[in-house]
Each structure stands twice: as structure tokens, then as C-alpha cells.
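Inside the fold
The chain contents come next:
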Amino acid sequence: MRFSLNVDHIATLRNARGEDQPDPVTAALIAEQAGVDGIVVHLREDRRHINERDVRLLRELITTKLDLEMAATDEIIKIACDVGPELATIVPEKRQELTTEGGINVIDNISRLKDAISDLHRSEILVSLFIEPNINQIDAAAEINSDFIEIHTGIFANAISEEEQFDELDKIRIAVKHAKKLGLGVNAGHGLDYQNIKIFKEIPDIDEVSIGHAVIAKAMFVGLKEAVQEMIRLIR
Ligand code: PXP
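Thresholds, definitions, all that
Residues numbered from 1 in each chain as written. Predicted model: local features only at pLDDT ≥ 70, side-chain atom pairs only at ≥ 80, totals over all residues. Heavy atoms only, no water. Near = heavy atom within 4 Å. Polar contact = N/O pair within 3.5 Å; in protein donor to acceptor, adjacent residues only side chain to side chain. Areas by Shrake-Rupley, 256 points an atom, 1.4 Å probe, with all protein chains shown as cover. Nonpolar A, V, L, I, M, F, W, Y, C, P; charged D, E, K, R; others polar. Buried < 20%, exposed > 50% of the residue type's maximum accessible area, 1.4 Å probe, protein only. Helix = DSSP H or I, 4+ residues; strand = E, 2+ residues; numbered from the N terminus. Pairing = 2+ DSSP bridges. Patch = residues over 30% accessible without salt bridge, like charges linked within 9 Å, V, L, I, M, F, W, Y side chains within 5 Å. Salt bridge = Lys/Arg side-chain N within 4 Å of Asp/Glu carboxyl O.

Right, let's talk about the site of the ligand for a bit. Around the ligand, the surrounding shell holds 14 residues, and the nearest of these are T100, E150, G191, G212 and H213. In the environment of the ligand, an oxygen atom lies 2.8 Å from a nitrogen or oxygen atom belonging to the backbone of G212. Out of a free accessible area of 400 Å², the ligand has 92% covered by protein chains. Looking at the shell around the ligand residue by residue, the classes come out as 3 nonpolar, 9 polar and 2 charged.

Here you go:
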């Protein structure tokens, strides 16, 4: 299983002072040296953390791969097609939310997402849809030619009882198997941390996990290189 690091929180801290430090691009380069397989950033419509300069510089400087999380809006699709990340992960986006709150409803947004995927494919960008572990949503993602799905792991991560955690893990296991049968790549993320990754990594066939908050939070105390390497040790 590969591990991509989300560096949005570095940009949140930078923007808190309206100055230029800490720089998410520097963080990405340190994370690459520490061994991550890719860098993830979410270019939000309100630019609350990552901005266009970050995305363009990351595109130029990183040597692993860039996963651009984005809403399927005309403005952001245009930027994505211009920048050319290896992967565009389409997420639902609400202005009021603190972080992405759940998967996108592919079935209810099928024609908009189909068009977005066609546009991104025309620019040779692979597409992933961030969705709940639900068979019907996975079928819809495959139907509109998504290359990957990213399974929302927030319910698993926030489960308050072991029973709830294992129920959700079962749903994810079934979803992964179904998606693989349809030929989709499978990523996963949201709320994964140094504890729950130990159980999560037992699910077979997940191509990649995307983790941000837990690693950046740990990095505050031990440094980014050590925080990344500890997560890599747990994942592999
Ligand atoms: N995947 C997606 C689609 C996300 O929106 C996020 C949060 O930015 C993550 C993964 C990473 O979640 P976390 O920061 O909780 O590790």
C-alpha cells in the first residue's frame, strides 16, 4: 500500500499570519525525501489553505506524484487541466465545512461528474472520486469512467465502539473487492492515524492511503521527517 501525504495544514498555518512561512512546498519536498509516494493538496474554491502558486510550484518541483483534490467546478477543472496533476480527486465541497465531510454522491451528480471526468481525461489526468463504501456509488463511478475511487474512511476512523469500527471495516472490505472487480484503482483516506492504520492496513488491495492531519500534527512535535517515516513503518 502506498502513502501520499496531504500538506494542506502547512498552508493553513502559513495563511494564519498572511505571510509566507511555513511553506507547503518545502514540506512536500521534505516528505518526499522521507519516502512518501505522493503529495496531496486540496485547492478549495475559497483558497483557505492551498493556493494556485502552491499547486503550480508543486507541479514543477515534486518528483513523486501530485494528487489534486478538487470540487468539480468549471474554475477548478480549468486550473487542473492547465497544471496537469497525475491524479485529480473529486470531492464534494461546502464553504462552511472545516474539512471534507463525506463522499460525493455520484448517482445524484452523474452528468456533471461525467463531463468533469471527460475534461480531465482530455488533459491526460487520471480521475478519482471520493465516495462512501457503497456498491451503488462504486457502480456509478465505474459507469462514468472514473479511473480510481477514494473510499471515505471517516466513519471507520471516528467510530466510537469496536463493533461500529468493525462494521465499517467490513463495508470497506466489500467495497474494495467490488471496485477491483470493476477494474477501478482504490485509494482511501480521511481520519487515518497512527493507531487506526494498524487495523486498516489489513484490508487487502488498497492501492494508496491519503493522510494529512495525523502526520502534520505529529510533525509539530517530532519533525516532519520522523512523523512521515513512522507512518511509513506502520503502513509497510
Ligand atoms: N482524502 C480526502 C479526499 C480528504 O478530503 C482528506 C482531508 O483533506 C484526506 C484524505 C486526509 O484526511 P486527514 O487529514 O484526516 O488525514
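The next subject is the pairing of strand β6 (residues 148-152). In terms of residue burial, β6 counts as a mostly covered element, since 5 of its 5 residues are buried. Where burial is concerned, the two faces of β6 agree: the one with F148, E150 and H152 and the one with I149 and I151 are both buried. Across 4 bridges, the pairing between strand β5 (residues 126-131) and β6 is parallel. Following the sheet pairing, S128 is matched in β6 by F148. Pairing of β6 with strand β7 (residues 185-189), which is carried by 5 bridges, proceeds in the parallel orientation. Residue pairing for β7: I149 is matched across the bridge by V186.

For the rest of this paragraph, the subject is a nonpolar patch on the surface. On the surface, L13, M220, F221 and V222 cluster together to form a nonpolar patch covering roughly 470 Å² of accessible area. Of the residues forming the nonpolar patch, the biggest block, 3 residues, is contributed by helix α10 (residues 213-222). Given the relative accessible area of 46%, L13 is considered partly exposed.

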